[in-house]
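Listed below, chain by chain, are the residues.
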Amino acid sequence: MGLKYENICKRKCGKQKKFFFVWIYILFLWSLSILLFLLNDEIRYFVDPADFSAYFERGKWILGPKAPISEYPQIPTYLFGFNYFLSSFFPSTFQFGAFISIFSLEMAIALFFSVQILYKLLTPEKKALCLLLILPPTVYFTINRFDILPVLFSLIAVYYLNQKKWGRASIFLAIATLTKWYPILLFPGAIIYSYTVEKRFLGRVFIFYFLTIALIILPTFIIGGIEAFAFPYQFHIARGMEYVSIPLLIHDLLKKTDLVNLNLTMYFVIFFLLQVISPVSILLIKLKNIETLFNHFVLVISMFILFSRIDSPQWFLWLIPFLILTAKNKFDVWLIAIFSFSTYLFFPVAFDVFGPSSAQFKWAGISWYILLSVFVLRSIKRLQFRGFQKILIKGNI
């Protein structure tokens, strides 16, 4: 009994020591990035002030009579206001720098907890793969955007799915959805998985999910009405194609041929449908275990990113945890690392060095989309579809 207790203590101490070093590493990269930004705020290979400027401006609602409105969902909009309030205690010349420091530190903390949750989800022989979540490019995009927040909430939701705590999973998936909207595409998978495990539909999965969403939205709706609620959706519907998105690349190619007279509205609808159609595949999948669900999530997120008309390389953060959870061999591990570093080379390196209109930037984007396509094909290969297995892609992707 004493020996068993001693072994448990050693394992716990070893785990705590590992996570201590993980935290020191993340904190070091955060500190270094902030320091280099303060020395030269024109070079964004460490800190990108462009998005922070938008966050800073959107946060000003906290000190006025305005409703909490931005082009983002409620959770980040509330966070912008909270951080703006904290930065307002600093002298005016230091407020923006304080805002960046506070915001990026919060994201660094979110990354640390994401690594911990991912560690718990990984099988014993794959625990070390959680370190792929803290490669330098993932840390860069973590501290420069807020995409790590929906990742953290989604991982917590998945953790509770794995524990068969369906209500808690629904709550955190709802919180993730109102941080970045893509987790709503994971909701059908969560529903079907709970049905597969419990052999019945669980009403609380729907109730907790939509009730949580309603409660989060309520302050915006009360203060600003339907206009405040609708603003972010109207904003994104009005956005066009950006930089080197797949729809833009295909559009430019079609324009050169002079063979097609494109109706842009219909064109956008087609690509939007391609973005959001993959969750339906959960109805065709033999959902044997949680790993099957992870592969389904890889398919859903990859398709959403691949066919978006908005070019946002930081979205790769959404995908990385599920790529890690579905990694089977060294090739998968190397592919994750290559995907991570290629994202940084895509942006900010190629974007800043060669420019957004350059051939080099376009080829960097195309290479990135090729990797995304590999993940789509690989997830299709690994999933078992009811009655369709023979016509799926053959080979060893």
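Because the structure is a prediction, the values reported are computed rather than measured. (Residues numbered from 1 in each chain as written. Predicted model: local features only at pLDDT ≥ 70, side-chain atom pairs only at ≥ 80, totals over all residues. Heavy atoms only, no water.)

A. Quick peek at the overall build of the chain. Secondary structure assignment for the chain yields 15 helices and 0 strands. Scaling as 2.2 N^0.38, a compact globule of 397 residues should have a C-alpha radius of gyration of about 21 Å, and the chain matches this with 22 Å. Over its C-alpha atoms, taken along the principal directions, the chain stretches across nearly 70 × 60 × 45 Å. Counting all 397 residues of the chain, 51% fall into the buried class. For the chain, the share of sequence-separated contacts (at least 6 apart) that also reach a separation of at least 24 residues comes to 72%. (Helix = DSSP H or I, 4+ residues; strand = E, 2+ residues; numbered from the N terminus. Rg over C-alpha atoms; globule rule 2.2 N^0.38 Å. Buried < 20%, exposed > 50% of the residue type's maximum accessible area, 1.4 Å probe, protein only. Contact = heavy atoms within 4.5 Å.)

B. Quick look at helix α14 (residues 330–354). Along α14, the sharpest kink reaches roughly 35°, centred on phenylalanine 346 and followed within four residues by the proline proline 348. Its side-chain oxygen at 3.2 Å from the backbone nitrogen of phenylalanine 331, asparagine 329 defines the N-terminal cap of α14. With its phi angle positive at about 100°, glycine 355 sits one or two positions after the end of α14. (Bend = angle between axes of the 7 residues up to and from the residue. Polar contact = N/O pair within 3.5 Å; in protein donor to acceptor, adjacent residues only side chain to side chain.)

C. Region of interest: the pattern of salt bridges. Under the definition given, this model contains 10 salt bridges. Among the ionic pairs, lysine 180 bridges to aspartate 147, the shortest N-O distance being 3.0 Å. With lysine 180 in the loop between α7 (166–177) and α8 (187–198) and aspartate 147 in the loop between α5 (136–144) and α6 (148–162), this pair connects stretches of sequence that are 33 residues apart. The class for lysine 180 is buried, based on a relative accessible area of 11%. Given the relative accessible area of 0%, aspartate 147 is considered buried. Of the charged contacts, one joins arginine 378 and aspartate 332 as a salt bridge, the two residues approaching to 2.8 Å between their closest N and O atoms. Of this pair, arginine 378 sits in helix α15 (residues 359–382) while aspartate 332 is found in helix α14, placing the two residues 46 residues apart along the sequence. Residue class for arginine 378 comes out buried when judged on its relative accessible area of 2%. (Salt bridge = Lys/Arg side-chain N within 4 Å of Asp/Glu carboxyl O.)

D. Expanded view of helix α9 (residues 203–237). Between its first and last C-alpha, α9 extends only 32 Å over 35 residues, short of the 51 Å set by a 1.5 Å rise per residue. The largest bend along α9 reaches roughly 130° and is located at glycine 224. Here α9 has its buried residues at Val205, Tyr209, Thr212, Ile213, Ile216, Ile217, Thr220, Gly225, Ala228, Ala230, Pro232 and His236. Where α9 is buried, its residues meet α3 (74–87), α7 and α8. (Expected span 1.5 Å × (residues − 1).)

E. Geometry of the confidence of the model for the chain. In this model, the chain carries an average pLDDT of 91, and 93% of its residues clear a pLDDT of 70 or more. For residues 389–397, every residue scores under 50 in pLDDT, and the model assigns this stretch 13 contacts once sequence neighbours within four places are set aside. (pLDDT = per-residue confidence, 0-100.)

F. Summary view of the packing of helix α10 (residues 246–257) against helix α11 (residues 264–276). Following both chains from N to C, one finds α10 and α11 inclined at 140°, their axes separated by 11 Å at the closest point. With respect to each other, α10 and α11 are oriented oblique. Handedness of the α10/α11 crossing: right-handed. Along the contact surface, α10 presents Ile246, Pro247, Ile250 and His251, while α11 presents Leu264, Tyr267 and Phe271. Split into classes, the residues belonging to the contact of α10 with α11 amount to 6 nonpolar, 1 polar and no charged. (Axes fitted to C-alpha atoms, helices over the stretch in contact; angles between N-to-C directions. Parallel < 35°, antiparallel > 145°, perpendicular 65-115°, else oblique. Left-handed = near helix turned anticlockwise from the far one by under 90°. Nonpolar A, V, L, I, M, F, W, Y, C, P; charged D, E, K, R; others polar.)

G. Highlighting a nonpolar patch on the surface. On the surface, a cluster of nonpolar side chains totalling about 620 Å² of accessible area is made up of Ile62, Leu63, Phe85, Phe89, Phe90 and Phe94. On the secondary structure map, leucine 63 appears in the loop between α2 (49–58) and α3. Residue leucine 63 is classed as exposed on the basis of its relative accessible area, which comes to 51%. (Patch = residues over 30% accessible without salt bridge, like charges linked within 9 Å, V, L, I, M, F, W, Y side chains within 5 Å. Areas by Shrake-Rupley, 256 points an atom, 1.4 Å probe, with all protein chains shown as cover.)

H. Region of interest: the nonpolar core. Among the nonpolar cores identified, the biggest contains 123 residues, and Phe103, Ile324, Phe339, Leu372 and Phe375 are the most heavily contacted of them. Take this core: its biggest share by element is 13 residues, from helix α4 (residues 95–121). Apart from residues lying up to four places away in sequence, leucine 372 is in contact with Ser302, Ile305, Leu306, Leu319 and Phe339. (Core = buried A, V, L, I, M, F, W, Y, C linked by side-chain atoms within 4.5 Å.)

I. Local environment of the side chain of arginine 309. Within the fold, arginine 309 resides in the loop between α12 (290–306) and α13 (316–325). Look at arginine 309: it is buried, it has no salt bridge, and the nearest opposite charge is glutamate 242 at 7.7 Å. In this structure the side chain of arginine 309 is engaged in a polar contact, spanning 3.2 Å, whose partner is the backbone oxygen of histidine 236. (Lys, Arg positive; Asp, Glu negative; His and termini not counted.)

J. Focus on the environment of valine 205. One can find valine 205 in helix α9. For the pair valine 205 and aspartate 48, spaced 157 residues apart in the sequence, the C-alpha separation amounts to 39 Å. Apart from the residues lying within four places of it in its own chain, the contact partners of valine 205 are Trp166, Ser170, Phe187, Ile191 and Ser194.

K. Fine view of the packing of aromatic side chains. If you walk through the whole model with that rule in mind, you get 54 aromatic pairs. For the ring pair tryptophan 181 and tyrosine 233, a centre distance of 5.2 Å and an interplane angle of 40° mean the geometry is tilted. Highlighted residues: tryptophan 181 in the loop between α7 and α8 and tyrosine 233 in helix α9, separated in sequence by 52 residues. On the accessibility criterion, tryptophan 181 (25% relative accessible area) is partly exposed. Plain terms: the ring middles of phenylalanine 187 and phenylalanine 206 are 5.9 Å apart, the flat faces sit at 85° to each other, and that makes the pair edge-to-face. Of this pair, phenylalanine 187 sits in helix α8 while phenylalanine 206 is found in helix α9, placing the two residues 19 residues apart along the sequence. The class for phenylalanine 187 is buried, based on a relative accessible area of 6%. A cation over an aromatic ring shows up here: lysine 127 above the ring of tyrosine 119, its NZ or CZ 4.8 Å from the ring centre. (Phe/Tyr/Trp six-rings, centres within 6.5 Å; stacked < 30°, edge-to-face > 60°. Lys NZ or Arg CZ within 6 Å of the ring centre and 35° of its normal.)

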